[in-house]
Amino acid sequence: MTDAPVSGTARPAFAGVKDAFAEVFADEQGGAFAVAVDGEVVVDLRAGWSDKPRERPWAEETIAGVYSTGKAATAILIAKAVEEGALDYEAPVANYWPEFAAHGKAAVTVAEALSHQAGLSGVSEPMEAREWLDHDAIAARLAGQAPLFPPREAHGYHPQTVGIIANELLRRTTDESIGAALRRRFPDLSLYCGMTPDEIARAAYMPKPKRAPDLGPMNEVKKAAFLQPWSSPAGVDRQAWMAAELPAANMHADARSFAELLSIIAAGGMFRGERFLGEETLSALTKPRASGPDLVLPFDLTWAAGLQVNSDGVYGPGERTVGHSGFGGACAFADPDRRLAVGFVPARMDAYLMGDPRSKRLIEAVCAAV
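Remember, predicted model here, so these are calculated numbers, not experimental data. (Residues numbered from 1 in each chain as written. Predicted model: local features only at pLDDT ≥ 70, side-chain atom pairs only at ≥ 80, totals over all residues. Heavy atoms only, no water.)

Draft legend 1. Just helix α1 (residues 15-24), in detail. Listing the buried residues of α1 in full gives V17, A20, F21 and V24. Along the axis of α1, the buried residues cluster in a sector spanning 105°; they form a single face. On its buried face, α1 sits against β2 (30-37), β3 (40-48) and α13 (357-369). (Buried < 20%, exposed > 50% of the residue type's maximum accessible area, 1.4 Å probe, protein only. Helix = DSSP H or I, 4+ residues; strand = E, 2+ residues; numbered from the N terminus. Arc of directions from axis to C-beta. Contact = heavy atoms within 4.5 Å.)

Okay, here's the thing in structure tokens:
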């Protein structure tokens with residue numbers, strides 16, 4: 001049992017969420033959970049420890065790796081580029097990145113690439129894992145690669161590569177990377193892609209899962225996405241990995257920042273009282289783009305433009321809820337019908353690909369309160 005008390009705040013109406021949080025984190029390493037309603041943070045809780053010896057309590061400035069949950073932030077930044085006219089969801093990626101047209105990918109649109117329909121779920125040819133830290137090199141490799149499945153005919157989750165594609169699109173059309181855009185547009189949020197030494201020092205210790213995720217029946221697309229020695233930057237120097245920009249995999253954040261960020265969707269495009277996305281862009285961001293059995297993840301999924309549309313109640317009962325989960329248990333989502341946004345950032349990583357029991361318990365408590 002952890003003897004680090006629960007800290008933070010919860011409005012009286014959300015007392016049951018605080019109780020559930022204390023229950024969930026009674027024997028956890030540490031973590032944080034936040035809820036925003038109409039863009040206003042109503043729950044901001046943390047507990048446990050941010051270091052391995054369990055000497056440093058999880059504090060307001062503590063951040064942790066959120067892995068694929070960071071795709072939600074990437075999706076919102078791409079939506080902002082669409083809002084400003086730099087990108088068009090329905091335009092081919094090759095319009096902005098001509099090299100991407102190689103090997104039959106010329107017609108793949110921005111929205112199709114973001115909804116995992118480009119056929120680039122992984123890197124097909126052997127490479128050194130450290131190449132993931134070289135954005136230009138990995139982007140060039142993906143542009144010149146033949147698809148692993150016929151583009152636009154199916155969807156297969158792109159665990160690492162969708163972040164590279166999104167980052168290259170933003171860099172080519174705005175002269176700004178995902179990491180730089182996060183810092184400029186959201187300077188008050190603790191949400192980073194590519195960290196400074198001071199930010200790395202704030203990052204919590206994250207115990208790894210004791211078992212591998214269940215990926216279901218194997219196929220070649222799934223192998224390329226997850227199981228080749230070069231499928232991820234595994235084994236590279238930790239400091240170098242945290243300093244690099246890998247928008248699909250290595251963002252670090254606190255729970256409050258994700259609740260505030262996803263409030264842009266939950267609150268109809270507003271962020272801290274100012275309009276961030278218009279209704280048309282918001283609709284284009286969140287509408288379903290592909291649905292059915294995923295070739296990589298062992299689920300039937302519905303993808304929007306970089307976000308997962310709620311399925312099987314993973315993010316509560318909202319049918320229009322969208323969000324993203326990350327390896328290890330983190331998640332963030334927005335329910336526009338309840339004008340509700342949630343961020344969950346645990347330290348101890350578990351093997352659930354989505355629907356971690358810890359987040360499900362907390363989401364149940366939130367739904368009971370609203």
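Next, the rest of the story.
Draft legend 2. Summary view of the sheet that holds strand β4 (residues 64-65). Reading across from one edge, β4-β6-β5 is the order of the three strands in this open sheet, with antiparallel pairing throughout. In this open sheet, the two edge strands, each paired with only one partner strand, are β4 and β5 (191-192). Pairing of β4 with strand β6 (residues 252-253), which is carried by two bridges, proceeds in the antiparallel orientation. Residue pairing across strands places G65 opposite H252, the latter belonging to β6. (Pairing = 2+ DSSP bridges.)

Draft legend 3. Examining the pattern of salt bridges more closely. In this structure the tally under the stated criterion is 26 salt bridges. Across the salt bridge formed by R339 and D38, the nearest N and O atoms sit 2.2 Å from each other. Placement of the pair is R339 in the loop between β13 (331-335) and β14 (340-346) and D38 in the loop between β2 and β3, with a sequence separation of 301 residues. Here D356 ties to R358 by a salt bridge, and the two come within 2.8 Å at their closest N and O atoms. Judged by relative accessible area, which is 6%, R358 ranks as buried. One salt-bridge network, in which partners are shared between bridges, spans D44, R46, D188, R256, E260 and R272. (Salt bridge = Lys/Arg side-chain N within 4 Å of Asp/Glu carboxyl O.)

Draft legend 4. A look at the pairing of strand β12 (residues 322-325). Here β12 shows a buried face lined by V322 and H324 and a second buried face lined by G323 and S325. Judged from the two bridges that link them, strand β11 (residues 308-309) and β12 form a sheet pairing that is antiparallel. The partner of V309 across the bridge, within β12, is V322. Here four bridges tie β12 to β13, and the two strands are oriented antiparallel to one another. Along β13, the bridge assignment pairs H324 with A332.

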